[in-house]
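The lines below spell out each chain.
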Amino acid sequence: MKELLLVRHAKSSWANPGQDDFDRPLNDRGQKDAPMMAQRMIQRGVSINGIITSTALRAITTARFFAIENSIAEKDIIKHEFLYHAPPERFVKAILQIPDTITTAAIFAHNPGITDFVNQLTEARIDDMPTCCVFAIKLNTDSWKDFSKAKKEFWFADWPKRL
């Protein structure tokens, strides 16, 4: 059994309108929401042992908060530039590369692709993943390489303003 969490990056800053989108940092709310959501996963009993992220600053920063809560070293965070504004098929590409030693993986990326992708996985639907939303599924497989044919079961969805 494998567990997959798909996480939209936390709220980013638009304080510098001329800044390149790729380099936008988290704003104050994002800096609070990311560690809070990482802690909520721990409180749920979710123990992430693999983190995969877009290389955009806001995604990497969000992923780092989850890495800290799960005692994952910075050097062990898997970074894929192709997850920046990725369409659904790129998420599959990233999943197929996850080492089988990872049982619970979290992928950090962007809308609209992440919402499109999660809506293809199970019968559960989400109209628009809010910032720092976690959409989790369980996979009936022992290998990430079998992702496409594995039975997928919706586990939960959670986001900062849900409570």
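This structure is a prediction, so every number in the text was calculated from the model and none was measured. (Residues numbered from 1 in each chain as written. Predicted model: local features only at pLDDT ≥ 70, side-chain atom pairs only at ≥ 80, totals over all residues. Heavy atoms only, no water.)

Asks: Would you take a moment to explain the packing of aromatic side chains for this structure?
Replies: How two aromatic rings sit relative to each other is set out by the distance from centre to centre and by the angle between their planes. Going through the model one piece at a time under the given rule, you end up with six aromatic pairs. Where Phe-91 meets Phe-117, the ring centres are 5.0 Å apart and the plane angle is 10 degrees; that geometry is what we call stacked. Here Phe-117 lies in helix H4 (residues 113-121) and Phe-91 lies in helix H3 (residues 88-96), a separation of 26 residues in the sequence. Here the aromatic rings of Trp-155 and Phe-156 are separated by 5.1 Å at their centres, their planes lie at 70 degrees, and the arrangement is edge-to-face. What links up through ring pairs into an aromatic cluster is the set Phe-91, Phe-117 and Phe-147. The residue whose ring lies beneath Lys-152 is Phe-147, and the NZ or CZ to ring-centre distance is 4.6 Å. The ring of Trp-159 has Arg-162 lying over it, and the distance from NZ or CZ to the ring centre is 5.3 Å. (Phe/Tyr/Trp six-rings, centres within 6.5 Å; stacked < 30°, edge-to-face > 60°. Helix = DSSP H or I, 4+ residues; strand = E, 2+ residues; numbered from the N terminus. Lys NZ or Arg CZ within 6 Å of the ring centre and 35° of its normal.)

Asks: Looking at this structure, how should I read the sheet that holds strand S4 (residues 104-109)?
Replies: The pairing of strands in a sheet comes from backbone hydrogen bonds and takes either a parallel or an antiparallel form. Strand order in this open sheet of six strands is S3-S2-S4-S1-S5-S6, and the pairing throughout is mixed. Lying at the two open borders of the sheet, with one neighbouring strand each, are strand S3 (78-80) and strand S6 (151-158). In this sheet, adjacent strand axes meet at a mean angle of 20 degrees when their direction is disregarded. Where strand S2 (residues 50-54) meets S4, four bridges bridge the pair, whose relative direction is parallel. The partner of Ile-52 across the bridge, within S4, is Ile-107. This element, helix H2 (residues 57-69), spans strand S1 (2-8), S2, S3, S4 and strand S5 (134-140) of the sheet and lies at about 165 degrees to S2. Along the sheet, H3 makes contact with S1, S2, S3 and S4, crossing S4 at roughly 145 degrees. (Pairing = 2+ DSSP bridges. Axes fitted to C-alpha atoms, helices over the stretch in contact; angles between N-to-C directions. Contact = heavy atoms within 4.5 Å.)

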